[in-house]
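# Close look at the chain arrangement
Chain residues, written in single-letter form:
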Amino acid sequence: MIKKSNILLCSITLAALLSGCGTTGVQAPVVERHPSGSSAAASDPRDRDPAYYTVKRGDTLLRIALEHGQNYRDLVAWNDLSNPNDIKVDQVLRVLPPNGDTGGAQTSAIVMPPVTEVKPAAPAVPKKTGPRGEKRAYSDATLAELRADGGNGDVKPAPAPAPAVTTAPAAAAAPAASAPGDEKISWMWPSEGKVIGTFDEGKNKGVDIAGKAGQQVVAAGAGKVMYAGSGIRGYGNLVIVKHSNSLLSAYAHNRSILVKEGQNVNKGQAIAEMGDSDADRVKLHFEIRQQGKPVDPSKFLPNR
């Protein structure tokens, strides 16, 4: 009797153990977690407003200003930047004037009488496009130095330009999509020489003109010098002239710069000497930008 009871008890215990092993356990739920910082930046409503720009990796204040057709000093003021060297990825910056202000550089098109220019001859050369990659990287120390010395950058001094002796060419008709006041701007070629690189959106943001070292570079139109220095990577010694609230012109790779920031210049006035700074040969890279966007200079310049 006792033996049968023990056998029955063992059978019940074994059945209970087998039942427990066959039971499926309850799993903990899986929760996806997203970084809060990136979501907050992406949902910032200002990202969809053209008056604002979100800083990306590799940006500099000078580059952002150029791409939006603004003076970098205005960006400093509009964004209350205590240290313009210290901008961070995902930081949102105002790139258009607040409350309809037109910024400090200029409020309307500058129209001045045409002046004459010296036209040195230039040799024929093979075709070449675009500003080349940098020889020296931009650094925060460079921008700090630019601000300290008024924006002239690290460029060689040059003598005053020679007196003008020849008549400037006639201006081309203004493009159809010009802003008010833009049609009053009279344009001319910034230097003599063979065009070795034409405008190609996405590849070459302007035109390249071959020439000799020291050859005169002149303002293509009347305006105000918005930038003069070497702080923008890939452009070497650079001059930017603002002609109206929407139009500016840029002159890159110069050997030396003859003007300063804030200086008013006439059409045809010498502003630089051609060189090969940050380039693989002596040439002038010339751009016209409308609302910060590169446009084909041939639509503004006269035929030649």
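An account of the accompanying structure is given in this report. Being a predicted model, the structure only gives us computed values, none of them experimental.

Procedures and definitions
Residues numbered from 1 in each chain as written. Predicted model: local features only at pLDDT ≥ 70, side-chain atom pairs only at ≥ 80, totals over all residues. Heavy atoms only, no water. Helix = DSSP H or I, 4+ residues; strand = E, 2+ residues; numbered from the N terminus. Buried < 20%, exposed > 50% of the residue type's maximum accessible area, 1.4 Å probe, protein only. Polar contact = N/O pair within 3.5 Å; in protein donor to acceptor, adjacent residues only side chain to side chain. Contact = heavy atoms within 4.5 Å. Pairing = 2+ DSSP bridges. Phe/Tyr/Trp six-rings, centres within 6.5 Å; stacked < 30°, edge-to-face > 60°. Lys NZ or Arg CZ within 6 Å of the ring centre and 35° of its normal.

A few words on the side chain of Ser277. Residue placement: Ser277 occurs in the loop between β10 (270–274) and β11 (283–290). Assessed through its relative accessible area of 16%, Ser277 is described here as buried. In terms of polar contacts, Ser277 uses its side chain to reach the backbone amide nitrogen of Asn237, at 2.9 Å. Ser277 has contacts with Tyr235, Gly236, Asn237, His253 and Asn254, leaving out every residue within four places of it along the chain.

As a further point, take the environment of Asn79. Within the secondary structure layout, Asn79 lies in the loop between α4 (72–78) and β2 (92–94). Classification of Asn79 by relative accessible area gives buried; the value is 18%. A C-alpha to C-alpha distance of 6.3 Å links Asn79 and Leu93, two positions 14 residues apart in sequence. Contacts of Asn79, omitting those with residues within four sequence positions, involve Val92, Leu93 and Arg94. One polar contact links the side chain of Asn79 to the main-chain carbonyl oxygen of Leu75, over a distance of 2.9 Å.

Counted residue by residue, strand β7 (residues 237–242) has six buried out of six residues, so it is predominantly covered. Residue alternation in β7 divides its side chains into two sets, Asn237, Val239 and Val241 and Leu238, Ile240 and Lys242, and both sets are buried. Relative to β7, strand β6 (residues 223–229) runs antiparallel, the two sharing five bridges. By the bridge assignment, Lys224 is partnered in β7 with Lys242. In this sheet, strand β8 (residues 247–257) lies alongside β7 in antiparallel orientation, the contact comprising five bridges. Counterpart to Val239 in the pairing with β8 is Tyr251. From the end of β7 to the start of β8, which pair antiparallel, there are four residues.

All chains considered together, the criterion is met by three aromatic pairs. Taking 5.6 Å as the distance between ring centres and 70° as the angle between the ring planes, the aromatic pair formed by Trp187 and Phe300 counts as edge-to-face. Of this pair, Trp187 sits in the loop between α5 (140–148) and β3 (195–197) while Phe300 sits in the segment after β12 (293–295), and the two are 113 residues apart along the sequence. Per residue, the accessibility class of Trp187 equals that of Phe300, and both read buried. One Lys or Arg, Arg304, reaches over the ring of Trp189 and ends 4.0 Å from the middle of that ring.

The values are spatial; any link to function lies outside them.
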